[in-house]
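Each chain, letter by letter, is given below.
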Amino acid sequence: MTTHSKDPWLLTPGPLTTSALTKEAMLHDWGSRDAEFIETNRRFRERLVEIAGGKGTHVCVPLQGSGTFVVEATLGTLIPKNGKALVLINGAYGQRMTKILDYAGRPHDVLETPEDTPPALGDLETALKADAAITHVLAVYCETTSGIANPIEDIARITADNGRALIIDAMSAFGALPLDAKKTPFDAMMASSNKCLEGVPGMGFAIIRQSALETCQGNAHALSLDLYDQWVAMEKNGQWRFTPPTHVIAAFDAALNQFEAEGGTEGRHARYSANCKILITGMRALGFETLLPDDLQAPIIVTFKMPADPAFEFQAFYDALSAKGYVIYPGKLTVAPSFRIGCIGHLGESEMNGALDAIEATVKTMGVTTGAP
Ligand SMILES: *Cc1c(COP(=O)(O)O)cnc(C)c1O
């Protein structure tokens, strides 16, 4: 992988390392009403719908801001004021959706499992049968808190069988884990420019079932977060309602070219899986333990338990790796002290091996004999 040589490699959940091609695409200025820019908007929106398998049924509504902005916008737009959500939680991003619902004043129940445990599918079925007021099920595909891959196909099937709508936070999964609207029915899924599609941060988007979105006029609790209005305006003239993130979009368009050249979701999944395997194998050889068993681990980000060796100190470990050019990430778990290392972004075999060499040298210098928790 090539990037600008002085930049660190970001082994994080985002923003991520991007290619030189993607960064170079930003070296221009665009008028937001220019024909060329409008065409770029049309193109990336259409491509995203295709990647999601939603051609003919779903539309893409982009929104300025980080991923949370589009989650907030989607929940506020799709769930009517008299609707009710059931939120499946096994980490911080599920929790965040309940916070968003609190702000928006939308009633909700939660089904929570520990951070290393997938949602209880039987409980989902029971909850839907027991409460006719529930209109929407909210789920996180890859819960980035731990790196767990939640069983989104099963969740989608149970939700559809019970006649409810599904909204998926696919932020850290879209473009790397399979998600096809034809096989996994959803009313909306949200993702952003700067995760597995390897663009730069600044824009989120929702892929929304058109027939559902058409009923959503007047639902939103905030003008700038009204995806119905954003969609209607964009369909009218191909333009954004408010200042678009022009450079982010240009970089995203370039990133999508590279995504397609790599073989789309399958190709990206293959590279991230190889990265993840190198990382886990190398870390286990140093004694480190993963939070998750391999069958629950998504090839996105890996949570390692904090070593028990008293010579290990996370901040010193982090700083030493950063000085060697590798940025990792603190843990976000409530169940156990941990840290995280990502395998997504413009990274391949040589960067993952480089990170492992840096980790091995760092623990040695610290006098840590094993990474075991
Ligand atoms: C990154 C991420 C988000 C959005 O976070 P932002 O910091 O707002 O970009 C939401 N959900 C998941 C699962 C994520 O990984």
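Remember, predicted model here, so these are calculated numbers, not experimental data.

## Re the sheet that holds strand 8 (residues 165-169)
- Taken in spatial order, the seven strands of this open sheet run 2-10-9-8-5-3-4, and their pairing is mixed. The open sheet has two free edges, formed respectively by strand 2 (58-64) and strand 4 (108-112), since each of these has just one partner strand. Taking the axes of each pair of neighbouring strands and ignoring which way they run, one obtains an average angle of 20 degrees across the sheet.
- Bridge count for strand 3 (residues 85-89) against strand 4 is five bridges, and the pairing is parallel. Looking across to strand 4, one finds that Ala85 is bridged to His108.
- Against the sheet, helix 3 (residues 67-78) makes contact with strand 2, strand 5 (136-140), strand 8, strand 9 (188-192) and strand 10 (203-209), and its axis sits at roughly 160 degrees relative to strand 9, the strand it touches most.
- Against the sheet, helix 6 (residues 152-161) engages strand 3, strand 5 and strand 8, with an angle of about 160 degrees to strand 8.

## Focus on the site of the ligand
- Near the ligand you find Ser66, Gly67, Thr68, Tyr93, Arg96, Val140, Cys142, Thr144, Asp169, Met171, Ser172 and Lys195, and these make up its full shell.
- Contacts to the ligand include Thr68, whose side-chain N or O atom sits 2.5 Å from an oxygen atom.
- Taken by itself the ligand offers 380 Å² of open surface, and the protein chains cover 85% of this.
- Only helix 3 and helix 4 (92-104) provide two or more residues apiece to the shell around the ligand.

## A word on the domain arrangement of the protein chain
- On domain assignment, one finds that the protein chain holds domain 1 (9-14 + 264-366) and domain 2 (21-261).
- In this assembly, 25 residues from domain 1 lie in contact with 27 residues from domain 2.
- Together, the buried faces of domain 1 and domain 2 total about 2100 Å²; carbon and sulfur atoms form 57% of this surface.
- Applying the counting rule to domain 1 against domain 2 returns two salt bridges.

## A closer look at the packing of helix 11 (residues 314-323) against helix 12 (residues 349-366)
- The contact between helix 11 and helix 12 brings their axes to 10 Å, and the two run at 135 degrees. Judged by the angle between their axes, helix 11 and helix 12 are oblique. The crossing of helix 11 and helix 12 is right-handed. Taking contact as the criterion, the partners of Ala316, Phe317, Ala320 and Leu321 in helix 11 are, on helix 12, Ala358, Ile359, Thr362, Val363 and Met366.

## Thoughts on helix 4
- Here helix 4 is 13 residues long and its end C-alpha atoms lie 18 Å apart, about the 18 Å a rise of 1.5 Å per residue gives.
- Of the residues making up helix 4, those classed as buried are Tyr93, Gly94, Met97, Thr98, Ile100, Leu101 and Ala104. Down the axis of helix 4, the buried side of the element spans an arc of 155 degrees, and every buried residue falls inside it. Opposite the packed face of helix 4, turned more than 90 degrees from it, sit the exposed residues Lys99, Asp102 and Tyr103.

## Examining the nonpolar core
- Within the largest apolar cluster, 53 residues are counted, with the highest numbers of intra-cluster contacts made by Leu48, Ile168, Phe174, Phe186, Met189, Phe205 and Ile207.
- Top element by residues in this core is helix 9 (residues 246-261). It accounts for six residues.
- In this structure, this core is formed jointly by two domains, domain 1 (9-14 + 264-366) and domain 2 (21-261), each of which donates at least three residues.
- Setting aside chain neighbours within four positions, we find Met189 in contact with Ile168, Ala170, Phe174, Leu179, Phe205, Ala206 and Ile207.
- One finds Ala73, Leu75, Val87 and Tyr228 within the second-largest nonpolar core, a separate group that totals 30 residues.

The rules we used
Residues numbered from 1 in each chain as written. Predicted model: local features only at pLDDT ≥ 70, side-chain atom pairs only at ≥ 80, totals over all residues. Heavy atoms only, no water. Pairing = 2+ DSSP bridges. Helix = DSSP H or I, 4+ residues; strand = E, 2+ residues; numbered from the N terminus. Axes fitted to C-alpha atoms, helices over the stretch in contact; angles between N-to-C directions. Contact = heavy atoms within 4.5 Å. Near = heavy atom within 4 Å. Polar contact = N/O pair within 3.5 Å; in protein donor to acceptor, adjacent residues only side chain to side chain. Areas by Shrake-Rupley, 256 points an atom, 1.4 Å probe, with all protein chains shown as cover. Domains from an automatic or database assignment. Buried area = accessible area lost by both parts, 1.4 Å probe. Salt bridge = Lys/Arg side-chain N within 4 Å of Asp/Glu carboxyl O. Parallel < 35°, antiparallel > 145°, perpendicular 65-115°, else oblique. Left-handed = near helix turned anticlockwise from the far one by under 90°. Expected span 1.5 Å × (residues − 1). Buried < 20%, exposed > 50% of the residue type's maximum accessible area, 1.4 Å probe, protein only. Arc of directions from axis to C-beta. Core = buried A, V, L, I, M, F, W, Y, C linked by side-chain atoms within 4.5 Å.

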